[in-house]
Amino acid sequence: MNLGASASREGVPYPVWMESLLMLFLLDCIVEAGIRLPRSISATVTMVGGVVLGQAIIQANIVSNLLVIVAATTALTNFIVVDYQMGLVQRILKYFFLAGASLLGILGIVFAFSIMVICLSRIKSFGISYLSPLGPDARARSGSLGLLGHSHHFSLTNWLNFGKKE
């Protein structure tokens with residue numbers, strides 16, 4: 001498999017991170033075009049645009065075959081998220097992770113993930129941490145549905161006594 005991957009990279013003048021950036025940007029452009037076109041032709045335009053651009057880019061040796069497969073898989077996973085706004089967040093985060101991977105490899109991905117978790121844990125929604133079971137200001141509510149009683153900071157004692165009457 002490694003020989004096949006290295007053989008597909010033969011003749012490509014750009015480093016992998018630049019190829020990935022180019023492919024992700026082109027796929028995002030195709031997705032945006034599909035969103036902004038009328039529904040009757042958007043699927044056709046995005047499908048034909050993706051096939052034609054993918055074939056032309058491979059024949060011109062701008063990107064490798066393997067990267068086109070990875071980028072196509074990434075494009076398909078963008079459609080797992082149904083909400084458009086959440087999809088935008090995912091599309092922005094993939095560039096952040098690409099930058100981390102380009103600079104430090106797998107350690108860069110771990111570093112980017114750590115930064116993302118830290119940022120998410122510092123967000124508060126209605127006074128409660130966004131990642132409430134995991135965040136620094138985690139709160140547990142007494143009562144079975146979390147609607148009864150008062151809220152208090154998470155501790156092992158409160159967790160062990162959860163649901164018991166005081």
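Since the structure is predicted, the reported quantities are computational estimates derived from the model, not experimental observations.

**Quick notes on the overall build of the protein chain**
Consideration 1: Scanning the protein chain for helices and strands turns up seven helices and four strands.
Consideration 2: Contacts in the protein chain between residues far apart in sequence, at least 24 positions, make up 41% of those at least 6 positions apart.

**Digging into the pattern of salt bridges**
Consideration 1: According to the stated counting rule, one finds four salt bridges in the structure shown.
Consideration 2: Note that Glu-32 is salt-bridged to Arg-36, the shortest N-O span being 3.1 Å. With a gap of four residues between them, Glu-32 and Arg-36 both fall in helix H2 (residues 16-36), about one helical turn apart.
Consideration 3: Its relative accessible area of 16% is what places Glu-32 among the buried residues.
Consideration 4: Across the pair Arg-91 and Glu-32 runs a salt bridge whose closest N-O atoms are separated by 2.9 Å. Taken together, the residues span a long stretch of sequence, with Arg-91 in helix H5 (residues 84-104) and Glu-32 in helix H2 at a distance of 59 residues.
Consideration 5: Owing to a relative accessible area of 12%, Arg-91 belongs among the buried residues under this scheme.
Consideration 6: Salt bridges linked by common partners bring Asp-28, Glu-32, Arg-36, Arg-91 and Lys-94 together as one network.

**Focus: helix H3 (residues 39-59)**
Consideration 1: Over its 21 residues, H3 extends 31 Å from the first C-alpha to the last, a length consistent with the 30 Å expected when each residue adds 1.5 Å.
Consideration 2: Here H3 has its buried residues at Ser-42, Gly-54 and Ile-57. Angular distribution of buried residues about the axis of H3 spans 80°; they occupy a single face of the element. Opposite the buried face of H3, at more than 90 degrees from it, the exposed residues are Ser-40, Thr-44, Met-47, Val-51, Val-52 and Gln-59.
Consideration 3: Buried-residue contacts for H3 involve H2.
Consideration 4: Looking at the residues trailing H3, positive phi occurs at Asn-61, about 55°.

**Topic: the packing of H2 against helix H4 (residues 65-78)**
Consideration 1: Across the interface, H2 lies against H4 with an axial gap of 10 Å and an inter-helix angle of 40°. One element, H2, and the other, H4, form an angle in the oblique class. Considering only the axes of H2 and H4, their crossing is right-handed. Listed contacts from H4 to Glu-19, Ser-20, Met-23, Leu-24, Leu-27 and Asp-28 of H2 are Leu-67, Val-68, Ala-71, Ala-72, Thr-74, Ala-75 and Asn-78.
Consideration 2: When the residues that make up the contact of H2 with H4 are grouped by side-chain class, the tally is eight nonpolar, three polar and two charged.

**A short note on H4**
Consideration 1: Compared with the 20 Å implied by 1.5 Å per residue over 14 residues, the 20 Å span of H4 between its first and last C-alpha is a close match.
Consideration 2: Along H4, the residues classified as buried are Leu-67, Val-68, Ala-71, Ala-75 and Asn-78. Projected down its long axis, H4 carries its buried residues within an arc of 100°, all on one side. Exposed residues pointing more than 90 degrees away from the buried face of H4 are listed as Ile-69 and Leu-76.
Consideration 3: Check the buried side of H4 and you find it contacts H2, H3 and H5.

**Let's talk about the nonpolar core**
As a rule of thumb, soluble globular proteins bury nonpolar side chains together.
Consideration 1: Counting residues in each nonpolar core, the largest one holds eight residues, listed as Met-23, Leu-27, Ile-57, Val-63, Leu-67, Val-68, Ala-71 and Ala-75.
Consideration 2: Elements that contribute at least two residues to this core include exactly H2 and H4.
Consideration 3: At four residues, the largest contribution of residues to this core is made by H4.

**What to know about a nonpolar patch on the surface**
Consideration 1: A cluster of nonpolar side chains, contributed by Leu-103, Leu-104, Ile-106, Leu-107, Ile-109, Val-110 and Phe-111, occupies part of the molecular surface with about 760 Å² of accessible area.
Consideration 2: For the nonpolar patch, the secondary-structure elements that each account for two or more residues are H5 and helix H6 (106-122).
Consideration 3: The element best represented in the nonpolar patch is H6, accounting for five residues.
Consideration 4: Mapped onto the elements of the fold, Leu-104 is located in helix H5.

What counts, and at which threshold
Per-chain numbering applies: the sequence of each chain, read as written, is numbered from 1 onward. Restriction of local features to residues with pLDDT of at least 70 applies here, the model being predicted, together with a cutoff of 80 or more for giving and counting side-chain atom pairs; totals for whole chains, interfaces and linings are based on all residues. Computation of side-chain values covers all heavy atoms of the structure but excludes hydrogens and water. Strands here are runs of E lasting at least two residues and helices are runs of H or I lasting at least four, both read from the DSSP assignment and numbered beginning at the N terminus. Contacts: residue pairs with any heavy atoms within 4.5 Å of one another. Just to be clear on terms, a salt bridge is a Lys or Arg side-chain nitrogen sitting within 4 Å of an Asp or Glu carboxyl oxygen. Here's how the labels work: a residue is buried when its accessible area is under 20% of the maximum for its type, exposed when over 50%, partly exposed in between, all with a 1.4 Å probe on protein chains only. Expected span, for any helix, means 1.5 Å times one less than how many residues it has. Along the arc lie the directions from the helix axis toward the C-beta atoms. Only the contacting stretch of a helix is used when fitting its axis, a line to C-alpha atoms as for every element, and angles between N-to-C directions run 0 to 180 degrees. Oblique is the label for any angle not under 35 degrees, not over 145, and not in the 65 to 115 range, which are roughly parallel, roughly antiparallel and roughly perpendicular in turn. For any pair of crossing helices, the crossing counts as left-handed if the nearer helix is rotated counterclockwise from the farther one by less than a right angle, and right-handed if it is rotated clockwise. Residues are grouped as follows: Ala, Val, Leu, Ile, Met, Phe, Trp, Tyr, Cys and Pro are nonpolar; Asp, Glu, Lys and Arg are charged; every other residue, Gly included, is polar. Nonpolar cores were defined as sets of buried Ala, Val, Leu, Ile, Met, Phe, Trp, Tyr and Cys residues, with membership established by side-chain atoms within 4.5 Å. Only residues whose relative accessible area exceeds 30% and that take part in no salt bridge are eligible for patches, with like-charged residues grouped when within 9 Å of each other and nonpolar side chains (Val, Leu, Ile, Met, Phe, Trp, Tyr) grouped when within 5 Å. All accessibility values rest on the Shrake-Rupley procedure with a 1.4 Å probe; residue burial counts only the protein chains present in the view.

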